[in-house]
Amino acid sequence: MTDPLVDGTRAGDLVAVLTARGETVATAESLTAGLFTATIAGVPGASNVLRGGLVVYATDLKATLAGVDPARLAEDGPVAASTARALADGARARCGADWGVGLTGVAGPDTQDGHPVGTVFLSISGAAGTSVLELGLSGDRWQIRKSAVSAAVSGLLDRVQETSAG
């Protein structure tokens, strides 16, 4: 039986590419609460590339564990592009990885700080810089969280492959 979290994602391809390049990944996850990390861990050979992950569901942990600037967090809130960027950078730095992934957003059922359900900020940090993408996802809590993970896996794979092509 394959890992059900891996099904429907490009996680196997991501692990294969990172392994071939000798690169690693670390995460700081809020709304996905470790699902991205668990998805990567579901691929045989993941131990070659997965450094670790921070589950920072509580707002204060985004600062204390992932290194998000408390002043910026207070100003922009936990669901913001700046927070996602800091999560990705923090995961990469604190876990000593080549790549960092940050995920924050609103899975529902209610809006949060004026952000509608399905608002997700995905950030990817690497040697060439950090990018942030705002996603508008639909569905119930599980569908939004699973879609955010799938987008993060594909986004990181695309970014890694771009760096090898450039």
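Per an unreviewed UniProt entry, the recorded name for the protein chain is CinA C-terminal domain-containing protein, and the organism is Rhodococcus opacus.

(A) Spotlight on the overall build of the protein chain. Looking only at helices and strands, one finds 6 helices and 5 strands in the protein chain. Its helices and strands taken in sequence order, the protein chain reads α-β-α-β-α-α-α-β-β-β-α from the N to the C terminus. Compactness check: the protein chain gives a C-alpha radius of gyration of 15 Å against a globular reference of 15 Å for 166 residues, within 12% of the reference. Along the first, second and third principal axes, the C-alpha atoms of the protein chain reach 40 × 30 × 25 Å.

(B) Just unusual backbone geometry, in detail. Cis geometry marks the peptide bond from Gly-108 to Pro-109, where omega comes out at 15 degrees. The residue Pro-109 is located in the loop between strand 3 (99-105) and strand 4 (119-126) in this model. Residue Ala-33 is not a glycine yet carries a positive backbone phi of 45 degrees. Counting through the fold element by element, Ala-33 comes out in the loop between strand 1 (25-29) and helix 2 (35-41).

(C) Seen up close, the pattern of salt bridges. Scanning the model with the defined rule gives 4 salt bridges in all. With its nearest N and O atoms 2.9 Å apart, the salt bridge here joins Arg-21 to Glu-23. Judged by its relative accessible area of 30%, Arg-21 is partly exposed.

(D) Region of interest: the pairing of strand 5 (residues 129-136). Where strand 4 and strand 5 come together, 8 bridges link them in antiparallel fashion. Bridge assignment links Ile-124 to a residue of strand 5, and that residue is Ser-131. What sits between the antiparallel neighbours strand 4 and strand 5 is a turn of 2 residues.

(E) Fine view of the sheet that holds strand 1. Pairing is mixed in the open sheet, where 5 strands are placed in the order 2-1-3-4-5. On the outer flanks of this sheet lie strand 2 (50-55) and strand 5, each paired with one strand and no other. In this sheet, neighbouring strand axes are inclined to one another by 15 degrees on average, regardless of whether the strands run parallel or antiparallel. Here 6 bridges tie strand 3 to strand 4, and the two strands are oriented antiparallel to one another. The residue bridging Gly-105 from the neighbouring strand is Val-120, located in strand 4.

(F) Spotlight on the environment of Gly-96. On the secondary structure map, Gly-96 appears in the loop between helix 5 (81-95) and strand 3. Each C-alpha atom, one on Gly-96 and one on Pro-116, is 34 Å from the other, the two residues being 20 residues apart in sequence. Look past the residues within four positions of Gly-96 in its chain and what remains in contact with it is Thr-24, Arg-51 and Ala-91.

(G) Summary view of the nonpolar core. Core analysis: the largest hydrophobic core is formed by 32 residues, its most contacted members being Phe-36, Ile-40, Val-101, Leu-103, Val-120 and Leu-156. Contributions of two or more residues to this core are made by helix 1 (11-21), helix 2, strand 3, strand 4 and helix 6 (141-165). Discounting chain neighbours no more than four positions away, the residues touching Val-101 are Val-25, Ala-26, Thr-27, Ala-28, Phe-36, Ala-88, Ala-91, Leu-122, Ser-123, Ala-152 and Leu-156.

(H) Spatial organisation of the UniProt feature "domain: CinA C-terminal" (unreviewed entry) in the protein chain. Mapped onto this numbering, the UniProt entry gives "domain: CinA C-terminal" (unreviewed entry) at residues 13-158. Along residues 13-158 one finds 42% helix and 23% strand; the C-alpha atoms at either end are 10 Å apart.

(I) Quick peek at helix 1. Those residues of helix 1 not exposed but buried are Ala-11, Leu-14, Val-15 and Leu-18. Along the axis of helix 1, the buried positions cluster into a sector of 95 degrees, meaning they face one direction only. Immediately beyond the C-terminal end of helix 1, within one or two residues, lies Gly-22, with a positive phi of roughly 70 degrees.

Procedures and definitions
Residues numbered from 1 in each chain as written. Predicted model: local features only at pLDDT ≥ 70, side-chain atom pairs only at ≥ 80, totals over all residues. Heavy atoms only, no water. Helix = DSSP H or I, 4+ residues; strand = E, 2+ residues; numbered from the N terminus. Rg over C-alpha atoms; globule rule 2.2 N^0.38 Å. Salt bridge = Lys/Arg side-chain N within 4 Å of Asp/Glu carboxyl O. Buried < 20%, exposed > 50% of the residue type's maximum accessible area, 1.4 Å probe, protein only. Pairing = 2+ DSSP bridges. Axes fitted to C-alpha atoms, helices over the stretch in contact; angles between N-to-C directions. Contact = heavy atoms within 4.5 Å. Core = buried A, V, L, I, M, F, W, Y, C linked by side-chain atoms within 4.5 Å. UniProt positions renumbered as here; feature names shortened; annotations may be inferred. Arc of directions from axis to C-beta.

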